[in-house]
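# Per-entry structural report
So you can see what is in the structure, the chains are spelled out below.
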Amino acid sequence: MPTYPPPTVEFVRGEGSRLWDSEGNEYLDMLSGLAVTSLGHSHPAVADALAAQSRRLLHVSNLFATEHNVAVARMLDGLLGGGGQVFFANSGAEANEAAIKLARRFGGRGRHVVVSAFGSFHGRTLATLHATGQPAKHEAFQPLPEGFRHVTWADPEDLERNLDDSVAAVLLEAVQGEGGVNPAPVEYLRTVRELCDERGILLMFDEVQTGLGRCGRWFAHQHAGVRPDVVTMAKALGNGVPIGACWARAEVASVFEPGDHATTFGGQPLAASAARAVLEVMQAEDVPLRAARAGEYLRERLSATPGVSGVRGMGLLLGVELDPALGAVAATVVGDLLAGRHGSRVVANAVTPTAIRLAPSLLVSDAEMDEAVSALAAALAARPGAVG
Ligand SMILES: *Cc1c(COP(=O)(O)O)cnc(C)c1O
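Residues numbered from 1 in each chain as written. Predicted model: local features only at pLDDT ≥ 70, side-chain atom pairs only at ≥ 80, totals over all residues. Heavy atoms only, no water.

### Thoughts on the overall build of the protein
Counting its regular elements, the protein contains 13 helices and 17 strands. A compact globule built from 388 residues should have a C-alpha radius of gyration of about 21 Å, and the protein, at 21 Å, falls within 12% of that. Dimensions of the protein, computed from the C-alpha atoms along their principal axes, are close to 60 × 55 × 40 Å. In the protein, buried positions account for 53% of the 388 residues. In the structure as shown, the protein presents an accessible area of about 16,500 Å², 54% of it carried by carbon and sulfur atoms. Each charge sign in the protein was given a centre, from 32 positive and 43 negative side chains, and these centres are 2 Å apart. (Helix = DSSP H or I, 4+ residues; strand = E, 2+ residues; numbered from the N terminus. Rg over C-alpha atoms; globule rule 2.2 N^0.38 Å. Buried < 20%, exposed > 50% of the residue type's maximum accessible area, 1.4 Å probe, protein only. Areas by Shrake-Rupley, 256 points an atom, 1.4 Å probe, with all protein chains shown as cover. Lys, Arg positive; Asp, Glu negative; His and termini not counted. Charge placed at Lys NZ, Arg CZ, Asp CG, Glu CD.)

### Overview of the packing of aromatic side chains
One pass over the structure, following the stated rule, counts two aromatic pairs. Ring geometry for Phe11 against Tyr27: centres 4.9 Å apart, planes inclined by 85°, an arrangement best described as edge-to-face. With Phe11 in strand S1 (residues 11-15) and Tyr27 in strand S3 (residues 26-29), this pair connects stretches of sequence that are 16 residues apart. Phe11 gets classed as partly exposed once you look at its relative accessible area, which sits at 34%. We classify Tyr27 as buried; its relative accessible area is 1%. A centroid spacing of 6.3 Å and a plane angle of 65° characterise the contact between Trp153 and Tyr188, whose relative ring orientation is edge-to-face. Residue Trp153 is found in the loop between strand S6 (148-151) and helix H7 (156-161), and its partner Tyr188 is found in helix H8 (residues 186-199); the two are separated by 35 residues along the sequence. With respect to class, Trp153 is no different from Tyr188; both count as buried. One cation-aromatic arrangement involves Arg13 over Trp20; the distance from NZ or CZ to the ring centre is 4.1 Å. (Phe/Tyr/Trp six-rings, centres within 6.5 Å; stacked < 30°, edge-to-face > 60°. Lys NZ or Arg CZ within 6 Å of the ring centre and 35° of its normal.)

### Some points on the sheet that holds S1
Reading across from one edge, S1-S2-S3-S15 is the order of the four strands in this open sheet, with mixed pairing throughout. Single-partner strands in this sheet number two, and they are S1 and strand S15 (345-347). Taken pair by pair, the neighbouring strands of this sheet meet at an average axis angle of 35°, ignoring direction. Across three bridges, S3 lies against S15 in parallel orientation. In the sheet register, Tyr27 faces S15, and the bridge partner there is Arg345. The sheet contacts of helix H12 (residues 330-339) involve S1, S3 and S15, and relative to S15 the element is tilted by about 130°. With respect to the sheet, helix H13 (residues 366-381) is in contact with strand S2 (18-21), S3 and S15, its orientation differing from that of S3 by roughly 105°. (Pairing = 2+ DSSP bridges. Axes fitted to C-alpha atoms, helices over the stretch in contact; angles between N-to-C directions. Contact = heavy atoms within 4.5 Å.)

### Overview of unusual backbone geometry
Residues Gln142 and Pro143 are joined by a peptide bond in cis, for which omega reads 0°. A positive phi angle, close to 60°, is found at Val181, a residue other than glycine. Summarising the element assignment, Val181 is placed in the loop between strand S8 (175-176) and strand S9 (182-183). Of the residues examined, Val181 reaches a relative accessible area of 0% and is grouped as buried. Positive phi outside glycine occurs at Asn239, with the angle close to 50°. Assessed through its relative accessible area of 10%, Asn239 is described here as buried.

### Remarks on the site of the ligand
For the ligand, the full set of nearby residues is Ser91, Gly92, Ala93, Asn96, Phe121, His122, Gly123, Glu173, Asp206, Val208, Gln209 and Lys235. Ala93 is positioned such that a nitrogen or oxygen atom in its backbone is 2.8 Å from an oxygen atom of the ligand. Relative to its unbound accessible area of 380 Å², the ligand is 80% covered by the protein chains. No other element matches the three residues that helix H4 (residues 92-107) contributes to the shell around the ligand. Here the residues of the shell around the ligand are counted per class, giving three nonpolar, six polar and three charged. (Near = heavy atom within 4 Å. Polar contact = N/O pair within 3.5 Å; in protein donor to acceptor, adjacent residues only side chain to side chain. Nonpolar A, V, L, I, M, F, W, Y, C, P; charged D, E, K, R; others polar.)

### Some points on the pairing of strand S17 (residues 355-358)
Of the two faces of S17, the one lined by Ala355 and Arg357 and the one lined by Ile356 and Leu358 are each fully buried. Examined bridge by bridge, strand S14 (residues 317-322) and S17 share four bridges and lie antiparallel to one another. Its bridge partner lying in S17, Gly319 is registered against Arg357. The pairing of strand S16 (residues 349-352) with S17 spans three bridges and is antiparallel. From the neighbouring strand, Asn349 faces S17, where its bridge partner is Arg357.

### Digging into the domain arrangement of the protein
Domain annotation of the protein identifies domain 1 (11-30 + 286-381) and domain 2 (45-285). The interface is formed by 21 residues belonging to domain 1 together with 21 residues belonging to domain 2. The contact between domain 1 and domain 2 buries some 1,700 Å² in all, and 63% of this surface belongs to carbon and sulfur atoms. The largest contributions to the domain 1 side of the interface with domain 2 come from Pro288, Met314 and Leu317, which together make up 37% of the buried area. On the surface where domain 1 and domain 2 come into contact, there are two salt bridges. Note that Glu285 and Arg290 form a salt bridge whose closest N and O atoms lie 2.9 Å from each other. Here domain 1 is connected to domain 2 by 12 residue pairs in polar contact (both at pLDDT 80 or more). Going through the elements one at a time, helix H11 (287-303), strand S13 (308-314), S14 and S16 are the ones with two or more residues in the side of domain 1 that touches domain 2. Here the side of domain 1 that touches domain 2 is built from residues that sort into 13 nonpolar, four polar and four charged. (Domains from an automatic or database assignment. Buried area = accessible area lost by both parts, 1.4 Å probe. Salt bridge = Lys/Arg side-chain N within 4 Å of Asp/Glu carboxyl O.)

Printed below as a string of structure tokens:
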């Protein structure tokens, strides 16, 4: 169905930070399938785990215990500081649906509102679409499920005004991804924690894009040192195999009873075997540290590039703001990079009309980042209005 514009490239193979299309052209992947392939393409440990599991056991349903999902839940719980429980889903939107249902069950009747921020992105199902603070995306699908409210991003006073007795939870990204790569100030996140504590409201972080090392910590909210009640994740968890997870503190998770929520596929053996391999490699490679270091390097190189007016983000989730003199050319530049019009072919994404999002593999090399920055510099220098 025409839910995406017609694609111009068909990819047939990937290895590390490289992709190849059906005509044999090579690309440098600086997008990772939207922050998904954080270990690069065709990672051998993930490939081996999938191949072995596909010959051992694919699916039996969640009526039975299986090998990998308990191990994955324990690892995630450890990365989040312990004391929690995990529900597995198949995507980010589904992980957030679980969080929203958990918040409603926790708050009880009449205390069911989920407050989220304008400019946020939480998914495309009807409930997560309403949690998504982008009213233009809502219009065609009204009426949306009731019980969502939006506040100004990073404005503690507006949040406080909106926390009445009907609110069960606050749902936030620590860095808004789809909204343009906007990091929340750490003081804001600490204030949100205090406001929620005073009122017995759950603080839920949507770490679907920012989690699992991407932002230079295991989870982006950890930069602020706040302890969340609920954390959702998905994108990088399977390195391309669909799997999502909703973690909650045990006292919160315990409000769910058998029958309250369920999934046929969530946490099934194939996806869980991939997630287990991903987390093992991520820990062995210390990907948060690698993302922090590589992110600093990439940010410096980008900031020194003519045509770039600013770089925002954390770790290896970066938004590259283009010089206003060039106009709203992010999509054009991304098209030029993909076609290799001025150098190497590079995969990136126009996250706003004037900003390009970069989210390379967390194992990206300095040479690969240099190559991407050179291609971007050449593409920007070729724009009408470019200085020098
Ligand atoms: C991508 C994303 C989602 C939705 O994930 P899907 O797997 O596409 O459903 C939700 N929240 C955030 C922050 C995301 O970046």
